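Notes for the structure review
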Amino acid sequence: MKTISIINLKGGVAKTLTAGSMAHVLAVFHNKRVLLVDNDKQGNTSKAFGVHSYDEKSISDILTARRIDPHEAIKKTRYENIDVMPANMTLIRANLEVMMDSTRPQQTRLRAALDPVAGEYDYCVIDNAPDINISTINALVASDDVVIPIKIDEYAFDGLLELKEQIENTRDDLNPRLRLAGCLITCFQRTDADRQGEEWLKSQPQYPVFETHIRYSEKVTESTFAKTPIVEYSRRSGAAMDYITFVREYLGRGKQ
Ligand SMILES: Nc1ncnc2c1ncn2[C@@H]1O[C@H](COP(=O)(O)OP(=O)(O)O)[C@@H](O)[C@H]1O
Ligand SMILES: [Mg+2]
């Protein structure tokens, strides 16, 4: 199982759309078995795949409970090849609990929980909160690759350096496998600002950037209301076509 963290310290940059689309394209177009982990208290990924709940186990239990079978916090979806580990607002409390309990390792709990199910999936995609906290650190420790979605605006690159440092620290201290697979420009519009922002990012040697960018599409908002992945909702929209191309590029890079 290869694990990919979708992360950015900023909200509204298409982390959730990217995580869900990537999982969907890997499952449906590439016939991969995918575990999609929701690691954001807002639970948008869980809602999008119809598994948001306060009655059943979630990632909060994975992070706090001592001996938990990870299957208890993994839900089936209507896609045969996509299972979801859901999140909800209890993740706020779970983060505090993990921080207060130093009697056992705090940063490796997600990795330890995912280990027993690694044989059941080809890919694990983790949708993260716009934050560096103990649960996002758990995600980085459990990951092989990081994808940073970036929406170009005047503050688009704020926090990028801090995030890169966090990735490097995690690699040095806890997870030598971790690598920054690349930045992915999302919500791209044909404006001068977007073109210049993309050009600037691609000129920065310290940040790998995917060739593919994801175009802005009005269909995306409709698809989120319909709780249907964009590639299924509107296969011909720019965003859908770009997510398909992006996943192909991602898989191609992995082979090098
Ligand atoms: N390519 C796109 N085209 C149009 N709207 C988009 C696109 N990507 C994201 N959005 C919209 O931007 C908002 C934020 O996306 P979301 O995936 O929830 O970001 P995050 O998880 O980073 O907060 C959502 O309303 C989403 O529908
Ligand atoms: Mg989100």
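Criteria and cut-off values
Residues numbered from 1 in each chain as written. Chains lettered and ligands numbered in written order. Predicted model: local features only at pLDDT ≥ 70, side-chain atom pairs only at ≥ 80, totals over all residues. Heavy atoms only, no water. Helix = DSSP H or I, 4+ residues; strand = E, 2+ residues; numbered from the N terminus. Buried < 20%, exposed > 50% of the residue type's maximum accessible area, 1.4 Å probe, protein only. Contact = heavy atoms within 4.5 Å. Areas by Shrake-Rupley, 256 points an atom, 1.4 Å probe, with all protein chains shown as cover. Lys, Arg positive; Asp, Glu negative; His and termini not counted. Charge placed at Lys NZ, Arg CZ, Asp CG, Glu CD. Core = buried A, V, L, I, M, F, W, Y, C linked by side-chain atoms within 4.5 Å. Patch = residues over 30% accessible without salt bridge, like charges linked within 9 Å, V, L, I, M, F, W, Y side chains within 5 Å. Salt bridge = Lys/Arg side-chain N within 4 Å of Asp/Glu carboxyl O. Polar contact = N/O pair within 3.5 Å; in protein donor to acceptor, adjacent residues only side chain to side chain. Phe/Tyr/Trp six-rings, centres within 6.5 Å; stacked < 30°, edge-to-face > 60°. Pairing = 2+ DSSP bridges.

**Considering the overall build of the protein chain**
- Check the secondary structure of the protein chain and you find 11 helices and 7 strands.
- If one aligns the C-alpha atoms of the protein chain with their principal axes, the spans along those axes are about 50 × 40 × 35 Å.
- Within the span of the protein chain, comprising 256 residues, buried residues form 54% of the whole.
- Considering only intrachain contacts with a sequence separation of at least 6, the fraction spanning at least 24 residues in the protein chain is 78%.
- Counting every atom, the protein chain has about 12000 Å² of accessible surface; 48% of that belongs to carbon and sulfur.
- Positive and negative side-chain charges of the protein chain, numbering 33 and 36 respectively, have mean locations separated by a distance of 4 Å.

**Some points on the nonpolar core**
- Phe 246 and Tyr 250 are the most contacted members of the largest nonpolar core, which totals 34 residues.
- Broken down by secondary-structure element, the contributors of at least two residues to this core are strand E1 (2–6), helix H1 (15–28), strand E2 (34–39), strand E4 (82–85), strand E5 (123–128), strand E7 (179–186), helix H10 (230–233) and helix H11 (238–254).
- Top contributing element to this core by residue count: H11, with 8 residues.
- Aside from chain neighbours lying at most four places away, what touches Phe 246 is Thr 18, Met 22, Val 147, Leu 184, Phe 210, Thr 212 and Ile 214.
- In this structure, Leu 35, Ile 62, Tyr 121 and Ile 134 belong to the second largest nonpolar core, which totals 23 residues.

**Focus on a negative patch on the surface**
- On the surface, Asp 153, Glu 154, Asp 158, Glu 162 and Glu 165 cluster together into a negatively charged patch.
- Looking at where Glu 162 falls in the secondary structure, it is placed in helix H7 (residues 160–173).

**Structural notes on the side chain of Ser 143**
- One can find Ser 143 in the loop between helix H6 (134–142) and strand E6 (145–151).
- A relative accessible area of 0% places Ser 143 in the buried class.
- Among the polar contacts listed, one links the side chain of Ser 143 to the backbone oxygen of Ala 139, at a separation of 2.7 Å.

**Quick notes on the packing of aromatic side chains**
- Under the definition given, this model contains 3 aromatic pairs.
- On the basis of an interplanar angle of 40° and a centroid distance of 4.7 Å, the ring pair of Phe 157 and Trp 200 is categorised as tilted. Residue Phe 157 is found in the loop between E6 and H7, and its partner Trp 200 is found in helix H8 (residues 192–202); the two are separated by 43 residues along the sequence.
- Relative accessible area serves as the criterion here: at 38%, Trp 200 is assigned to the partly exposed category.
- With centroids separated by 4.9 Å and ring planes inclined at 90°, the aromatic side chains of Phe 210 and Phe 246 adopt a geometry described as edge-to-face. A residue pair is termed long-range when its members are at least 10 positions apart, and Phe 210 in the loop between H8 and helix H9 (219–225) and Phe 246 in helix H11 qualify at 36 residues.

**Overview of the sheet that holds E7**
- Pairing is mixed across the open sheet formed by 7 strands, whose spatial order is E3-E4-E2-E5-E1-E6-E7. Each edge of the open sheet carries a strand with a single partner, namely strand E3 (75–76) and E7.
- With 2 bridges connecting them, E3 and E4 associate as antiparallel partners. The partner of Lys 76 across the bridge, within E4, is Asp 83.

**Quick notes on the pattern of salt bridges**
- For the structure shown, the criterion picks out 17 salt bridges.
- Residue Arg 179 pairs with Asp 145 through a salt bridge whose shortest N-O separation is 2.8 Å. Within this pair, whereas Arg 179 is found in strand E7, its partner Asp 145 is found in strand E6, the two being separated by 34 residues in sequence.
- Judged by its relative accessible area of 1%, Asp 145 is buried.
- Overlapping salt bridges bring together Lys 2, Asp 145 and Arg 179 as one network.

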